[in-house]
Amino acid sequence: MLSRVANSLYWMARYIERAENIARIVDVNLQLLLDIRNLDEKRLAAYWLPIVQATGDEENFFKAHRKATGAAVTEFLVFGKENPNSLVQSICAARENARMVRDQITLELWEELNRLYLFVRSPQAREVWERGASDFFHEIKASSLHIIGIIDATLIRNEGLWFVQAGQFLERADKTTRILDVRYQSLPERGVPERISPDEALEWSAVLRSCSAWDAYKTIHASDVHPRKVAEFLLLDDNFPRSVRFCVNELNHVLRRISGVAEGRFTNDAEKLTGRFLAELQFSTVDEIFEVGLHKYLDEAQLKLNNIGAALFRAYIFQPFEAPDEVHMVQQEEQQQQSQNQ
Amino acid sequence: MLHKYKVNGGFDEMLCPKTGVRGHYKKFHKLFESLKPKEFQAKREAIDTAFLRQGVTFNVYGDAEGAEKIFPFDLVPRIIPASEWEYLERGLAQRITALNLFLHDIYHEQKILKDGVIPEFYVLSARHFRREFVNFEVPKGIYIHICGTDLIRDKDGNYLVLEDNGRCPSGVSYVLENRRAMKRAFPGMFESIGVRPVENYAQELLKSLKYIAPAGVADPTVVVLTPGVYNSAYFEHTYLARQMGIEIVEGRDLLVRDSRVFMRTTKGLQPVHVIYRRIDDDFIDPTVFRRDSMLGVPGLINAYRAGNVSLANSIGTGIADDKVMYYFVPRMIKYYLDQEPILPNVPTYLASEEKDMKYILEHLPELVVKAANESGGYGMLMGPKASKAEIEKFRELIIAEPRNYIAQPMIHLSQHPTYCDDNFDGRHIDLRPFVLSGERVSIIPGGLTRVALRKGSLVVNSSQGGGSKDTWVLYGDK
């Protein structure tokens, strides 16, 4: 498989997953605010700012906006043109990557992704948004899940799919750590909080819902929402498909499929780092994590995931495929129409 | 639905002013008549949505939002009876054979120049003549592997060749997609009318490409080389690659080591043997042609010269697109094949011939003037429709650079019933058949019928308000 193609498939999947996770996180926060009373501007900011921080685009946000109000944050995260990781920009990027490898993906996958792209860029998207954010996010999540289903049901099991899945699981693991980190300011720096208020319980259940984990969590812990259990579930659960451990485990499998190297060995840094992180997740307890401090632990986890992504790139893509001068290149590609004469 | 349709001047493909619906349109006409306007509307909308969703689009240049447009598609097919197609096929095969012989000749002995059949000056001054490739042996002696020859019909229905596209002709993906859409919309019609299929184009193309693989390579790796996603025909490039089941690569995916071409893959470097390139000569190798090209592959031409990789089309075929060379094609046919041209040219005047120049300058308001090396409807003057100022501008251009201009009388293209503004009306059309030359010449039945959707317009280019139609070649004449 061409390195450039592998790269595009990987980023296509990451951006789809990213868009879906933004929909999840903003949607849940909006709903959460409906349940909380006595909100003034300052308290509102305390709910919205962490969301911006969770996506890692805080600096970018304050370039364009002064205050973290609900309207500013949602606009920035959903439609923001100035934010390369906004929901709409992510879908555009996913679609652009898919377009570059149009011949490597199935018609069904392309059609659905293209439909989603046409939708978010249409005036209709704004109309749906203004009628009710929830409907809008539902549309995005449904489409993303549809795409994941199509990937599973139509893509041939070869290298291309492994790169798609590598992108999917890496992004999902990363986003789960970020969603889990949203409420870190209500936690002590280290150790497990003893008691939590009813409002805090609501907040932690919102974290679970952001990861579609509410139902799964309830079957294990009934309605007993406590940060220790939530963190344990989202980080260390073996069977929940959005937990970090699950995602890293899948990533580990996928990387071994790409290289054909058996478990317990490695041939490149991506395999080494993934295996190491997986072992750590497998042989840790949640209390040890709270001993380090949840926020600090999550920060390190994100760094590890970033390093895996970079190592994957070095192992298979060889060199950054960025044009030395994008504008110039676009001009030349267009210039080629002289000979196409349609 | 077609009963209100009338001939409105010129040659009409479907209706004969005396006898009504022409024989080869009768079956279609009858089936189409039974369609209710509502059903027709529904089919139209379904096809448009499908094209947009599947991304069967071309890019609009200079649009910051990166908008893509669908190439407007008209549901009334253009129909060609078997005997007429057989005639066209013979004419096209003759023409491509002569063009390939011509290219081989001018890049070798240049007999046609020495014998004075074509004045030397025209060939040696041609912008796309690559003197670096004189005496270079192209694989199997074939220069143009894929040719798009544009045909039109005059007011009496005679077919004429308008131009040859021997570099990177595009549009074949629309032929294939249009057919798919029509089959979905009118599944019943194809069998009862008897339409020849077009589906095997990709296999034929791949066969032609494998045919030119370097000697000694048993199972050649063939790739499509595209300028990239921003190119207007990018959809077509991926489409063809997919249909052939081969990789589509950009210049940056390839590299040359020891005069061999490799592609960068996740498993390391893999050799490439044949490149179907959709990049012009100028951009293909920055070490040989344009130095600022970022689309090409440094060293590719060296590998090509060493015979380790084959290119389709070959380097230097652009000269066959030169509109001055077009003028000489009938002479080439006579010279190399000793035959009369089966398909005639449009009468053409060369500005660099003294007598023709005089005629051109005196008759500018009646003539169509074309720059020798432009295409896509650019660099053109439509005398009868131009303003005084435009005519004067071209007069100066022609006088300043006669070698670069030709003129032709205005040909009233044939008309075809086309759905416009809730009605069926006559619109001008042309035809671009796609001619493959490999072990033998093979031509996809029909080709791309382009239609000028603006009333009275003679410009069919998609960049200027053109659309397309499915082209049906029948098994029989009725």
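So, how was this worked out
- Residues numbered from 1 in each chain as written.
- Chains lettered and ligands numbered in written order.
- Predicted model: local features only at pLDDT ≥ 70, side-chain atom pairs only at ≥ 80, totals over all residues.
- Helix = DSSP H or I, 4+ residues; strand = E, 2+ residues; numbered from the N terminus.
- Rg over C-alpha atoms; globule rule 2.2 N^0.38 Å.
- Buried ≥ 20, exposed ≤ 12 C-beta atoms within 10 Å, placed from the backbone.
- Contact = placed C-beta atoms within 7 Å.
- pLDDT = per-residue confidence, 0-100.
- Domains from an automatic or database assignment.
- Nonpolar A, V, L, I, M, F, W, Y, C, P; charged D, E, K, R; others polar.
- Pairing = 2+ DSSP bridges.
- Axes fitted to C-alpha atoms, helices over the stretch in contact; angles between N-to-C directions.
- Parallel < 35°, antiparallel > 145°, perpendicular 65-115°, else oblique.
- Left-handed = near helix turned anticlockwise from the far one by under 90°.
- Expected span 1.5 Å × (residues − 1).

## Notes on the overall build of chain A
Secondary structure summary: chain A contains 18 helices and 0 strands in total. The C-alpha radius of gyration computed for chain A amounts to 21 Å, which stays within 12% of the reference 20 Å derived for 342 residues, consistent with globular compactness. Projected onto its principal axes, the C-alpha positions of chain A cover 70 × 50 × 35 Å. Buried positions account for 46% of the 342 residues belonging to chain A. Residue pairs at least 24 apart in sequence account for 70% of intrachain contacts in chain A once pairs closer than 6 positions are excluded.

## Structural notes on the overall build of chain B
Along the backbone of chain B there are 14 helices and 24 strands. Across the 478 residues in chain B, those meeting the buried criterion constitute 46%. Put simply, 69% of the contacts in chain B that link residues at least 6 apart link residues at least 24 apart.

## Describing the confidence of the model for chain B
Note: predicted coordinates in regions of low pLDDT should not be interpreted at a detailed level. Residues of chain B with pLDDT of at least 70 account for 96%, and the chain-wide mean is 90. Interface confidence in the predicted complex, given as ipTM, is 0.70; pTM for the same model is 0.80.

## Overview of the domain arrangement of chain A
All names here are of chain A. With domains assigned, chain A is organised as domain 1 (1-154) and domain 2 (157-320). Between domain 1 and domain 2, the C-alpha centre-to-centre distance is 20 Å. Listed per partner, the contact involves 25 residues of domain 1 and 25 residues of domain 2. For the side of domain 1 that touches domain 2, the secondary-structure elements that each account for two or more residues are helix H1 (3-35) and helix H2 (41-55). Of the residues forming the side of domain 1 that touches domain 2, the biggest block, 17 residues, is contributed by H1. Grouping the constituent residues of the side of domain 1 that touches domain 2 by class yields 14 nonpolar, 6 polar and 5 charged.

## Examining the pairing of strand E12 (residues 268-271) of chain B
Residues and elements named next belong to chain B. Relative to E12, strand E11 (residues 260-265) runs antiparallel, the two sharing 4 bridges. Bridging across to E12, Phe262 finds its partner in Pro271. Connecting the antiparallel pair E11 and E12 is a turn made up of 2 residues.

## Some remarks on the domain arrangement of chain B
All names here are of chain B. Along its sequence, chain B is organised into domain 1 (15-214 + 309-341 + 412-473) and domain 2 (349-409). Taking only C-alpha atoms, the centre of domain 1 and the centre of domain 2 are 25 Å apart. Contacts between domain 1 and domain 2 engage 12 residues on the former and 9 residues on the latter.

## So, the packing of helix H14 (residues 269-282) of chain A against helix H16 (residues 294-316) of chain A
Residues and elements named next belong to chain A. It is the contact of H14 with H16, at a shortest axis distance of 7 Å, that shows an interaxial angle of 155°. When the axis of H14 is compared with that of H16, the two are roughly antiparallel. The hand of the H14/H16 crossing is left-handed. Contacts between H14 and H16 involve Asp269, Ala270, Leu273, Thr274 and Phe277 from the first element and Lys304, Asn307, Ile308, Ala311, Leu312, Arg314 and Ala315 from the second. Taken together, the residues that form the contact of H14 with H16 break down as 7 nonpolar, 2 polar and 3 charged.

## Overview of the environment of Met14 of chain B
Residue and element names in this part refer to chain B. Along the chain, Met14 falls in the segment before strand E1 (15-16). For Met14, a count of 23 C-beta atoms within 10 Å translates into the label buried. When the C-alpha atoms of Met14 and His24 are compared, they prove to be 8.3 Å apart, with 10 residues separating the residues in sequence.

## Some words on H16 of chain A
Residue and element names in this part refer to chain A. Counted at 1.5 Å a residue, the expected span for H16 with its 23 residues is 33 Å, and the 33 Å between its end C-alpha atoms agrees. All of the buried residues along H16 are Leu294, Tyr297, Leu298, Ala301, Leu305, Ile308, Leu312 and Tyr316. Residues of H16 that are buried in the fold lie against H1, helix H9 (159-180), helix H12 (227-236), helix H13 (244-259), H14 and helix H15 (286-292).

## A few points about the sheet that holds E12 of chain B
All names here are of chain B. Strand order in the open sheet made by the 3 strands is E10-E11-E12, with antiparallel pairing throughout. Taken across any chain shown, the strands that pair with only one partner, and hence form the sheet edges, are strand E10 (254-257) and E12. Adjacent strand axes in the sheet meet at a mean angle of 45°, parallel and antiparallel pairs treated alike.

## Topic: the sheet that holds strand E8 (residues 222-226) of chain B
Two strands in a sheet stick together by hydrogen bonds in their backbones, pointing the same way (parallel) or opposite ways (antiparallel). All names here are of chain B. Across the sheet, which stays open at both edges, the 4 strands sit in the order E9-E8-E13-E14 with parallel pairing between neighbours. Looking at the sheet topology across the chains shown, the edges are occupied by strand E9 (247-250) and strand E14 (310-312). Averaged over all neighbouring strand pairs, the angle between strand axes comes to 30°, with direction disregarded. With 4 bridges joining them, E8 and strand E13 (residues 274-277) adopt parallel strand pairing. Each bridged residue has a counterpart across the sheet, and for Val222 the counterpart in E13 is Val274. Contacting E8 and E9, helix H9 (residues 234-244) crosses the sheet at an angle of about 170° to E8.

## Digging into the pairing of strand E20 (residues 423-432) of chain B
Residue and element names in this part refer to chain B. Summarising burial for E20: 8 of the 10 residues are buried, a large majority. Note that strand E19 (residues 415-420) and E20 share 6 bridges and pair antiparallel. Counterpart to Pro417 in the pairing with E20 is Gly426. Connecting the antiparallel pair E19 and E20 is a turn made up of 2 residues, with Asp421 showing a positive phi of about 45°. When E20 meets strand E23 (residues 448-452), the two strands line up antiparallel, connected through 4 bridges. What sits directly across from Leu431, in E23, is Thr449.

## Points about the packing of H1 of chain A against H9 of chain A
The packing of two helices is summarised by the inter-axis angle and the distance between the axes. Residue and element names in this part refer to chain A. Where H1 meets H9, the axes come as close as 7 Å, and the angle between the chain directions of the two elements is 30°. In terms of their interaxial angle, H1 and H9 are classed as roughly parallel. The hand of the H1/H9 crossing is right-handed. Only Glu159, Gly160, Phe163, Val164, Ala166, Gly167, Gln168, Leu170, Glu171, Arg172, Lys175 and Ile179 of H9 make contact with H1, whose side of the interface consists of Ala6, Leu9, Tyr10, Trp11, Ala13, Arg14, Glu17, Arg18, Asn21 and Ile25. Along the lines of polarity and charge, the residues of the contact of H1 with H9 split into 11 nonpolar, 4 polar and 7 charged.

## Focus: the confidence of the model for chain A
When pLDDT is averaged across chain A, the result is 89; 95% of the residues are at 70 or more. Here residues 338-342 of chain A is modelled with pLDDT under 50, and outside its nearest four sequence neighbours on either side it reaches 22 contacts, counting other chains as well.

## Quick look at unusual backbone geometry
Residue and element names in this part refer to chain B. The step from Ala312 to Asn313 runs through a cis peptide bond, and the omega angle for that step is -10°. Structurally, Asn313 can be placed in the loop between E14 and helix H12 (323-337). Phi at Asp422 takes a positive value of approximately 60°, unusual for a residue other than glycine. In this structure, Asp422 sits in the loop between E19 and E20.

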